[in-house]
Amino acid sequence: QVALVESGGGLVEAGGSLRLSCAVSGSISRINAVVWFRQAPGKQRELVAAVPSPGVTKYADFVRGRFTVSRDKSKNTFTLQMNSLKAEDTAVYYCNGREGSDITKIWDGYWGLGTQVTVSS
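So, a few notes on the structure that sits alongside this text. Just so it is clear, the structure is predicted and the values come from calculations on it, not from any experiment. (Residues numbered from 1 in each chain as written. Predicted model: local features only at pLDDT ≥ 70, side-chain atom pairs only at ≥ 80, totals over all residues. Heavy atoms only, no water.)

## A word on the pattern of salt bridges
This is how the line gets drawn: Throughout this description, the term salt bridge denotes a Lys or Arg side-chain nitrogen within 4 Å of a carboxyl oxygen of Asp or Glu. Using a 1.4 Å probe on the protein chains alone, a residue whose accessible area is under 20% of its type maximum counts as buried, one over 50% counts as exposed, and one in between counts as partly exposed. Helix numbering and strand numbering both begin at the N terminus, where a helix is a DSSP run of H or I of at least 4 residues and a strand a DSSP run of E of at least 2.
A full pass over the atoms with the stated rule returns five salt bridges. Among the salt bridges present, the one from arginine 38 reaches glutamate 46, with a minimum N-O distance of 2.9 Å. On the basis of relative accessible area, arginine 38 is assigned to the buried category, the value being 5%. Taking relative accessible area as the criterion, glutamate 46 reaches 30% and is therefore assigned partly exposed. The salt bridge partner of arginine 66 is aspartate 89, with a shortest N-O separation of 2.7 Å. Remark: aspartate 89 occurs in the loop between strand E8 (77–82) and strand E9 (91–98) and arginine 66 occurs in the loop between strand E6 (56–59) and strand E7 (67–72); sequence separation between them is 23 residues. When sorted by exposure, arginine 66 lands in the same class as aspartate 89, which is buried.

This is a description of form; function is not addressed.
Next comes the structure, spelled out in structure tokens:
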């Protein structure tokens, strides 16, 4: 089994920054791709950023240039650095680990419980 635990969420003013972390434990070697999703109230879960394979990163258009995703395999963590936050970034952020490199399906892999990010305008 694989367990993922997010941390680092909170309340921040628009224009501010937050750094989310996701600690991975258990059968870590099974994880290939790591993905950050978010879900705002009344909206569908959406991909924010991903490391689908070593050295490759992908971003949703609405965060490109503001967010940076990274993976530290030696520490079994991956992070999402979020800068220039906007009110519309308010959501619960989830980390997700996958055994393959396909990140097109939302409901796949192993999930954390999520961490709330609230951006005040």
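From this point, the narrative continues.
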